[in-house]
Amino acid sequence: MESKAVQRLQFPTMVYSEKRGRTVQSGSLNVSCGFMEHKKLRVFVSVPSMKIQQRKIPLKIACSYNNVPASTLQSGSFKTPLSEELILKSKSREVEPYLSGRCIYLVGMMGSGKTTVGKILSQVLCYSFFDSDKLIEEEADGTSVADIFKHYGETFFRDKETEVLRKLSMMQRHVISTGGGAVVRPINWKYMHKGISIWLDTFMRLSSLFEERSEAYANANAKVSLENIAAKLGQKDVSDLTPTAIAIEALEQILGFLKSEDGYY
Ligand SMILES: Nc1ncnc2c1ncn2[C@@H]1O[C@H](COP(=O)(O)OP(=O)(O)OP(=O)(O)O)[C@@H](O)[C@H]1O
Ligand SMILES: O=C(O)C1=C[C@@H](O)[C@@H](O)[C@H](O)C1
C-alpha cells in the first residue's frame, strides 16, 4: 500500500471569531496520508478544551478514510504532559484580547497571596505590579502603614488608600495588590470596578475580621478559591497548591467574567 504522507500541522492555530471580531487561540493537528490515487486516511487530533489546571491535556483523535465518517472508524484518546508554566502562558494569551489592558485588582485578607500571585500575573501579562499599601507609604514620605495608623489613625489611612485607588483607576495594564481592608469603603469599589477585581479567598475563615468583610470581598468580579482549584486538580490537600496554579485559576476566573460580561455565554 502506498503511503504518501501529506502532513499539515497546525498547532497552535489562530482562529478568527467573527462574532467577537477577535483572534483567539485554538489548537488542532491534522495529518492526512494519501493512499493510492484518490483514497485518503485523515487523522484529526484536537484539544477539545484546554482546562488550565490539567497537567495532562486530553487529545481527541478522530479518523476518516476516503470520506467515511469518523465515528464509524476507530478513535481514541491519550494524555500529554504540559507544565504549569506553559498553561499559564497559554491562558494569559487567551485572556489578553478580552482584557484590553484593563487593570486587575487583587483583594483578600492580609497574607492571602495577593502579592505573590499578583507578581506572577503581571509578569505573564506584561503588566506593571503595584501594592497599594506601598504606594500609600511612598506618598507619606516613607512612613510605614503601621506608623500611619499609629500617628494619624485609620480614617486618615483609608482616605489615602481611596486616593491611591482613584489614581490607579485612571491607568491601564497594572496588577494591583490592594490592602486587606480596601474593600470596606464603597467608593473604593467605584474605582476598582474600572478594572477587573479578583477575590483571593485563600485565607482561613476562622477570623472574625474575615466574617465581617466577606460580604465586602464578594463585590469582586470573581473569586479564586483554593478548594475549587484542588477539586479541579483532583488534589485533596490545598496546601500543595503552587502560586502558579492559583494564578492560572485567577486568569480562568477573569476570562469567565469577561466572557459573561460580553454576552459570550
Ligand atoms: N501558594 C502559596 N503557597 C505557599 N506559600 C505562599 C503561597 N502564596 C503566598 N505564599 C506565602 O504567603 C505569604 C503571604 O503572601 P503574600 O505576601 O503574597 O500575601 P499578601 O496577600 O500580598 O499579603 P499582604 O496583604 O500582607 O501584603 C508570603 O510569605 C508568601 O511567600
Ligand atoms: O486588613 C486591613 O485592614 C489592613 C491590611 C493591610 O494590607 C494594610 O492596608 C493595613 O494594615 C490595613
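A brief report on the enclosed structure follows. (Residues numbered from 1 in each chain as written. Chains lettered and ligands numbered in written order. Predicted model: local features only at pLDDT ≥ 70, side-chain atom pairs only at ≥ 80, totals over all residues. Heavy atoms only, no water.)

1. So, the side chain of Arg-158
- With respect to the element layout, Arg-158 can be found in helix α5 (residues 154-168).
- The exposure class of Arg-158 is buried, given its relative accessible area of 8%.
- There is a polar contact of 2.8 Å between the side chain of Arg-158 and the side chain of Glu-161.
- With sequence-adjacent residues up to four places away left out, Arg-158 is seen in contact with Phe-149, Gly-181, Ala-182, Val-184, Arg-185 and Arg-213. (Helix = DSSP H or I, 4+ residues; strand = E, 2+ residues; numbered from the N terminus. Buried < 20%, exposed > 50% of the residue type's maximum accessible area, 1.4 Å probe, protein only. Polar contact = N/O pair within 3.5 Å; in protein donor to acceptor, adjacent residues only side chain to side chain. Contact = heavy atoms within 4.5 Å.)

2. A word on the site of ligand 2
- Close to ligand 2 lie Met-110, Asp-133, Val-145, Phe-149, Phe-157, Arg-158, Gly-179, Gly-180, Gly-181 and Arg-213.
- Taking Asp-133, its side chain carries an N or O atom lying 2.6 Å from an oxygen atom of ligand 2.
- A distance of 3.1 Å separates an oxygen atom of ligand 2 from a polar backbone atom of Gly-180.
- Here ligand 2, which alone exposes 300 Å², has 84% of that area covered by the protein.
- Those elements giving two or more residues to the shell around ligand 2 turn out to be α4 (145-152) and α5.
- Split by residue class, the shell around ligand 2 holds four nonpolar, three polar and three charged. (Near = heavy atom within 4 Å. Areas by Shrake-Rupley, 256 points an atom, 1.4 Å probe, with all protein chains shown as cover. Nonpolar A, V, L, I, M, F, W, Y, C, P; charged D, E, K, R; others polar.)

3. So, the site of ligand 1
- In the vicinity of ligand 1, the contacting residues are Met-109, Met-110, Gly-111, Ser-112, Gly-113, Lys-114, Thr-115, Thr-116, Leu-241, Thr-242, Pro-243 and Ile-246.
- Ser-112 places a polar main-chain atom, nitrogen or oxygen, 3.1 Å from an oxygen atom of ligand 1.
- In the environment of ligand 1, an oxygen atom lies 2.5 Å from a nitrogen or oxygen atom belonging to the side chain of Thr-115.
- Contact with the protein chains removes 55% of the 620 Å² of surface that ligand 1 exposes when unbound.
- Sorting the residues of the shell around ligand 1 by element identifies α2 (114-125) and α9 (243-261) as the ones contributing at least two each.
- Among the residues forming the shell around ligand 1, the class breakdown is five nonpolar, six polar and one charged.

4. Here we look at the packing of aromatic side chains
- Summed over all chains, the structure comprises four aromatic pairs.
- Ring centres of Trp-199 and Phe-210 lie 6.3 Å apart, and the angle between their planes is 35°; this geometry places the pair in the tilted category. You can see Trp-199 sitting in strand β9 (residues 196-201) and its partner Phe-210 sitting in helix α7 (residues 208-217), a full 11 residues away along the chain.
- One aromatic cluster is present, built from ring pairs that chain together Trp-199, Phe-210 and Tyr-217.
- Just above the ring of Trp-199 sits the side chain of Lys-223; from NZ or CZ to the centre is 5.2 Å. (Phe/Tyr/Trp six-rings, centres within 6.5 Å; stacked < 30°, edge-to-face > 60°. Lys NZ or Arg CZ within 6 Å of the ring centre and 35° of its normal.)

5. Description of the packing of α4 against α5
- Direction vectors running N to C along α4 and α5 enclose 130°, while the axes themselves pass 7 Å from each other. Taken together, the axis directions place α4 and α5 in an arrangement best described as oblique. In contact with Val-145, Ile-148, Phe-149 and Tyr-152 of α4, α5 contributes Glu-154, Phe-156, Phe-157 and Arg-158.
- For the contact of α4 with α5, a count of residues per class yields six nonpolar, no polar and two charged. (Axes fitted to C-alpha atoms, helices over the stretch in contact; angles between N-to-C directions. Parallel < 35°, antiparallel > 145°, perpendicular 65-115°, else oblique.)

6. Observations regarding the environment of Asp-159
- Note on placement: Asp-159 falls in helix α5.
- Measuring from C-alpha to C-alpha, the distance between Asp-159 and Val-95 comes to 33 Å, with 64 residues separating the pair along the chain.

7. A closer look at the sheet that holds strand β6 (residues 104-107)
- Across the sheet, which stays open at both edges, the five strands sit in the order β7-β8-β6-β9-β10 with parallel pairing between neighbours. Of all the strands in the sheet, just β7 (128-131) and β10 (222-225) have a single pairing partner and so form its edges. Here the average twist between neighbouring strands, direction ignored, is 20°.
- The sheet contact formed by β6 and strand β8 (residues 174-177) spans three bridges and is parallel. Counted as the bridge partner of Leu-106 is Ser-177 from β8.
- The sheet contacts of α2 involve β6, β7, β8 and β9, and relative to β7 the element is tilted by about 160°. (Pairing = 2+ DSSP bridges.)

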